[in-house]
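# Working through the structure, step by step
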Amino acid sequence: MVTTRVARVALPDHAGQKYGYGLLPSLLEPGTYAVDPGDGRPWQPLQPEPEIYGVRLMRYCITGPADRIGIAPGDVRRTVFIWERLGGCCCGWDGQYGPNLACAKCGHPVATRVDDCGFWQVVWLEPDAVRPVAVAGPVQRVMDWEDLSSTPPVDQRGYWSPQWEASVAVALAHLLTVSDGKQVAVPDGPVAEVFRQAIDALFPPGPPELHLVLAGPGLPAAITDIALVPRHPQTGEVWPCEAGAVVPLAADVWTYLAFHDDRRLLPAAYGMPAGVRRDDPPPLLPNSLFRPNTPAALIDL
């Protein structure tokens, strides 16, 4: 076997994202796998990079054939590198030349490792080179909707989370589809902070014809035009809702929007005692307006 025991989860929205120039963590948690349906285009290995005025232009390929299986890099077993296919940019391999891992026993290409800077680290197993094998042991427990975790929107430096940028972009792609080009109103608060600027730019001007509200576990039933609902991180199931239409959003982003309020409180008339302020520091706030990740939205469309 070329992997440890793994259980299936939904493909993260940021699976095809290239973000910044630093080293990113693993795309998937250890012990899990996800299947990428692809974008419908046949995969073609990249030709040598062209040159202009003696400068080589670097190109990237972060998609591959349909139904590739992604796993955490630490879960791969009994493979060796195919040295002539280890193309990369700076700190690792970007997979631009196709499968770069082979079976250690037979030498057949079986997977592509991606771990260069700016890419989420993952090993993509080729669907025609591997097959699932049932193993004995406990069955994976499916998380209850009420147990969904959340991902903060900003890091310690005040930068927006790349997961948020990708997940909101994918939700916007769905919103554009279900709204049929009509202007959409969003409620004030966290939802407006991440959606309103993009909606104002993407949708036609004029008074809103449709309304978008949060709906899901722990919230009142929503009777509305469009409901923004969580998508289960393991099964990919979308929260059932009686709204006119639903827009799925990654569960960890949805949970934060639904149950966290990061607005600063106004100081009291005579201020707060120093000890209270020290024990309850203000939340981290972003240092810029939110901007969805454009490639993520295009990939979803």
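Residues numbered from 1 in each chain as written. Predicted model: local features only at pLDDT ≥ 70, side-chain atom pairs only at ≥ 80, totals over all residues. Heavy atoms only, no water.

A separate point is the sheet that holds strand E9 (residues 122-125). Taking strand neighbours across the sheet as the criterion, the seven strands line up as E1-E2-E5-E9-E8-E7-E6 in an open arrangement whose pairing is mixed. Each having just a single partner strand, strand E1 (7-8) and strand E6 (79-81) make up the two edges of the open sheet. Of the strand pairs in this sheet, strand E2 (residues 32-36) and strand E5 (residues 68-71) are connected by four bridges, and their pairing is antiparallel. Considered in E5, the bridge of Val35 is made with Ile69. (Pairing = 2+ DSSP bridges. Helix = DSSP H or I, 4+ residues; strand = E, 2+ residues; numbered from the N terminus.)

Now for the packing of helix H1 (residues 162-179) against helix H2 (residues 190-202). At a closest axis distance of 11 Å, the pairing of H1 and H2 adopts a crossing angle of 45°. When the axes of H1 and H2 are compared, the pair comes out oblique. For the pair H1 and H2, the sense of crossing is right-handed. Contacts between H1 and H2 involve Trp164, Val168, Ala171, Leu172, Leu175 and Leu176 from the former and Val194, Phe195, Ala198, Ile199 and Leu202 from the latter. Considered class by class, the residues forming the contact of H1 with H2 number eleven nonpolar, no polar and no charged. (Axes fitted to C-alpha atoms, helices over the stretch in contact; angles between N-to-C directions. Parallel < 35°, antiparallel > 145°, perpendicular 65-115°, else oblique. Left-handed = near helix turned anticlockwise from the far one by under 90°. Contact = heavy atoms within 4.5 Å. Nonpolar A, V, L, I, M, F, W, Y, C, P; charged D, E, K, R; others polar.)

In this fold, Cys241 is placed in the loop between strand E12 (226-231) and strand E13 (245-250). Sequence separation between Cys241 and Ala215 is 26 residues; the distance between their C-alpha atoms is 7.5 Å. If sequence neighbours within four positions are ignored, Cys241 has contacts with Ala215, Ala222, Ala227, Val229 and Val246.

A few words now on the pairing of E13. Along E13, five of the six residues are buried, which leaves the element largely enclosed by surrounding structure. Where E12 lies against E13, six bridges are found, and the strand directions are parallel. Along E13, the bridge assignment pairs Ile226 with Ala245. (Buried < 20%, exposed > 50% of the residue type's maximum accessible area, 1.4 Å probe, protein only.)

Counting buried residues along helix H3 (residues 251-259), seven of its nine residues qualify, which places the element largely inside the surrounding structure. Where H3 is concerned, the buried positions are Ala251, Val253, Trp254, Thr255, Tyr256, Leu257 and Ala258.

Function-wise, these values are silent; they only describe arrangement.
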